[in-house]
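Results of the structural survey
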Amino acid sequence: MRPLHPLSGLTLLERTIALRSPKLTLHPLSGLTLLELLVVLMIVAVASAGVVASLPDPIERELDRQTERLHIQIDMVRTEARLLATPIRWHADDKGYRFEGLVDGNDVLSGLHVWTVPGLRVHSNDPLWFGPEPMSSPYHIELTVGPYRRVVVGDGWSASRIE
């Protein structure tokens, strides 16, 4: 007949020693202590806070896209104005911007280009003229929304750049 309990058959002294010895416990402790659990939770919280902080703000990302689009379109208009010997005017307000004086058929640059960032403000030496001459007037177009600011500048000679 098998004993019902692993410690049955031991004397009281042997049983006491067996119960107090960490190697001879009946059921080894498993799982995490409260302190270990708190440490793990703290590590997860710090890691997730770092990931969230590194994500770009969607408004800032859209402002970057809008600035890049304007930068490329200005360079396209400068090239078109020189190639076709046609003066082209750039004008902007808080709704968007437009190029006036384009030849018919330029569907990419014609019409109103609406700002895709809500609350965007434009500051520039408006209006800008691009003509057939290789040298145009220097320009400085500042786009701001909230704490974010991007600037498209041109010295009148070389391609525009974003600052």
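Above: the structure in question.
These remarks concern the structure in this document. Since this is a predicted model, take the numbers as computed values, not measurements.

Definitions and cut-offs
Residues numbered from 1 in each chain as written. Predicted model: local features only at pLDDT ≥ 70, side-chain atom pairs only at ≥ 80, totals over all residues. Heavy atoms only, no water. Helix = DSSP H or I, 4+ residues; strand = E, 2+ residues; numbered from the N terminus. Buried < 20%, exposed > 50% of the residue type's maximum accessible area, 1.4 Å probe, protein only. Contact = heavy atoms within 4.5 Å. Areas by Shrake-Rupley, 256 points an atom, 1.4 Å probe, with all protein chains shown as cover. Pairing = 2+ DSSP bridges. Axes fitted to C-alpha atoms, helices over the stretch in contact; angles between N-to-C directions. Salt bridge = Lys/Arg side-chain N within 4 Å of Asp/Glu carboxyl O.

**Description of the overall build of the chain**
Of regular secondary structure, the chain possesses three helices and eight strands. Starting at the N terminus and walking to the C terminus, you meet the elements of the chain as α-α-α-β-β-β-β-β-β-β-β. Across the 163 residues that make up the chain, the buried fraction comes to 28%. Within the chain, residue pairs in contact and separated by at least 24 positions form 49% of the contacts whose partners lie at least 6 positions apart. About 11300 Å² of surface is accessible on the chain, with carbon and sulfur atoms providing 64% of the total.

**A look at the sheet that holds strand S7 (residues 148-154)**
Across the sheet, which stays open at both edges, the four strands sit in the order S4-S6-S7-S8 with antiparallel pairing between neighbours. Lying at the two open borders of the sheet, with one neighbouring strand each, are strand S4 (121-124) and strand S8 (161-162). Across the sheet, helix H3 (residues 58-84) touches strand S6 (139-145), S7 and S8, and the angle it forms with S7 is around 10 degrees.

**Here's the deal with unusual backbone geometry**
Positive phi is not limited to glycine here, since Ala 85 has a value of about 55 degrees. Position of Ala 85 among the secondary structure elements: in the loop between H3 and strand S1 (88-92).

**Quick look at the pairing of S6**
A regular strand carries its side chains on alternate faces of the sheet. Counting buried residues along S6, six of its seven residues qualify, which places the element largely inside the surrounding structure. Sheet topology places S4 next to S6; four bridges connect them, and they run antiparallel. For Arg 121, the partnering residue across the bridge sits in S6 and is Thr 144. In the sheet, S6 pairs with S7 via seven bridges, with the strands oriented antiparallel. Within S7, the position partnered with Leu 143 by the bridge is Arg 150. Connecting the antiparallel pair S6 and S7 is a turn made up of two residues, with Gly 146 showing a positive phi of about 60 degrees.

**A look at the pattern of salt bridges**
In this structure the tally under the stated criterion is seven salt bridges. Measuring nitrogen to oxygen at the nearest pair gives 2.6 Å for the salt bridge that ties Arg 89 to Glu 100. Taken together, the residues Arg 89 in strand S1 and Glu 100 in strand S2 (residues 96-100) connect sequence positions 11 residues apart. Given the relative accessible area of 31%, Glu 100 is considered partly exposed. Here Arg 149 makes a salt bridge to Glu 142, at a shortest N to O gap of 3.4 Å. A single salt-bridge network, built from bridges that share partners, covers Glu 60, Asp 64 and Arg 150.

**Some words on the side chain of His 71**
On the secondary structure map, His 71 appears in helix H3. Not counting residues within four places of it along the chain, the set of residues in contact with His 71 comprises Val 152, Ser 160, Arg 161 and Ile 162.

**Let's talk about the pairing of S1**
Only one face of S1 is covered, namely the one carrying Ile 88, Trp 90 and Ala 92; the face carrying Arg 89 and His 91 has none of its residues buried. Direction of pairing for S1 relative to strand S5 (residues 128-130): antiparallel, over a ladder of three bridges. Among the inter-strand pairings, Trp 90 is bridged to a residue of S5, identified as Leu 128. With four bridges connecting them, S1 and S2 associate as antiparallel partners. Opposite Trp 90, over in S2, you have Phe 99 as the bridge partner.

**Focus: the sheet that holds S1**
Strand order across the open sheet formed by four strands is S3-S2-S1-S5, with antiparallel pairing between neighbours. Of all the strands in the sheet, just strand S3 (112-114) and S5 have a single pairing partner and so form its edges. Along the sheet, successive strands turn relative to each other by an average axial angle of 20 degrees, direction set aside. Sheet strands touched by H3: S1, S2, S3 and S5. Its angle to S2, the strand with the most contacts, is close to 10 degrees.

By themselves, these figures tell us nothing about what the structure is for.
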